[in-house]
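# Summary of structural features
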Amino acid sequence: MTDRPAPPAILETALYARDLDAAEAFYGGLMGLEKIVRVGDRHVFFRLSGSILLIFNPAETIRPTGNPALPVPPHGAEGEGHACFAADADALDRWRAHFEAAGIEIEADFRWPNGARSIYLRDPAGNSLEFADPALWVVRA
């Protein structure tokens, strides 16, 4: 067996959306995430504390970039994905109120067996978004 290093964290998370205008309005406008870059109808990237949220258009990322300096392999996903954002108890209440005021349906709001609370909703592409108390998982530094 080799001496492999353990990855310390997830650096980026990808979701897929065919309508990048709607995704940009949702994540950048409604959620207030800092947009890093948008490249046409291919992708839009946002900064979070300690990680990056990538929103790709699967119809575009299935094709090679055509740029030899950035030989990213084609990739993509069809259907809804999932991402979970950390939020303490006070922030969960504020997020819920914020989304409801914007007409976004909260699909679920419940406590897990360990007492951590999660709320679920959908982005414009149908991706399942969860906002959860970080106590849901025991994360070691």
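What you are looking at is a predicted structure, and each value in this text was computed from that prediction instead of being measured. (Residues numbered from 1 in each chain as written. Predicted model: local features only at pLDDT ≥ 70, side-chain atom pairs only at ≥ 80, totals over all residues. Heavy atoms only, no water.)

### Some points on the sheet that holds strand 8 (residues 128–132)
As a reminder, the rule being used: Any two strands with at least two DSSP bridges between them are considered paired. Helix and strand definitions follow DSSP, with helices as H or I runs of at least four residues and strands as E runs of at least two, each counted in order from the N terminus. Between N-to-C directions, angles cover 0 to 180 degrees, with each direction set by a line fitted to C-alpha atoms, over the stretch in contact for helices. Any two residues having at least one pair of non-hydrogen atoms within 4.5 Å are treated as being in contact.
With mixed pairing, the four strands of this open sheet are ordered in space as 5-8-7-6. Looking at strand neighbours, the two that pair on one side only are strand 5 (82–86) and strand 6 (108–111), the edges of this open sheet. On average, each strand axis in the sheet is inclined to that of its neighbour by 20 degrees, with strand direction left out of account. Pairing of strand 7 (residues 117–122) with strand 8, which is carried by five bridges, proceeds in the antiparallel orientation. Pairing of serine 118 across the sheet is with alanine 132, part of strand 8. The strands touched by helix 3 (residues 89–101) within the sheet are strand 6, strand 7 and strand 8, with strand 7 carrying the most contacts at an inclination of about 25 degrees.

### Things to note about the pattern of salt bridges
Basically, it comes down to this: Within this document, salt bridges are pairs made up of a side-chain nitrogen of Lys or Arg and a carboxyl oxygen of Asp or Glu, the two lying within 4 Å of each other. Relative accessibility decides the category of a residue: with a 1.4 Å probe and only protein chains considered, values under 20% of the type maximum give buried, values over 50% give exposed, and everything between is partly exposed.
Applying the stated criterion across every chain yields a total of twelve salt bridges. Aspartate 21 serves as the salt-bridge partner of arginine 38, at 2.9 Å between the closest nitrogen and oxygen. Remark: aspartate 21 occurs in helix 1 (residues 20–30) and arginine 38 occurs in strand 2 (residues 34–39); sequence separation between them is 17 residues. Classification of arginine 38 as partly exposed rests on a relative accessible area of 25%. Across the salt bridge formed by glutamate 24 and arginine 38, the nearest N and O atoms sit 2.7 Å from each other. Remark: arginine 38 occurs in strand 2 and glutamate 24 occurs in helix 1; sequence separation between them is 14 residues. Within this structure, Asp93, Arg96, Glu100, Asp109 and Arg117 form a network of salt bridges that share partners.

### Quick look at the sheet that holds strand 3 (residues 43–48)
Ordered by their spatial adjacency, four strands build an open sheet running 1-4-3-2, and the pairing between neighbours is mixed. In this open sheet, the two strands that pair with only one neighbour each are strand 1 (12–16) and strand 2. In this sheet, neighbouring strand axes are inclined to one another by 20 degrees on average, regardless of whether the strands run parallel or antiparallel. One ladder, built from five bridges, connects strand 2 with strand 3; its direction is antiparallel. Within strand 3, the residue paired with arginine 38 across the bridge is valine 44. Packed onto the sheet, helix 1 meets strand 1, strand 2, strand 3 and strand 4 (51–56) and runs at close to 10 degrees relative to strand 3.

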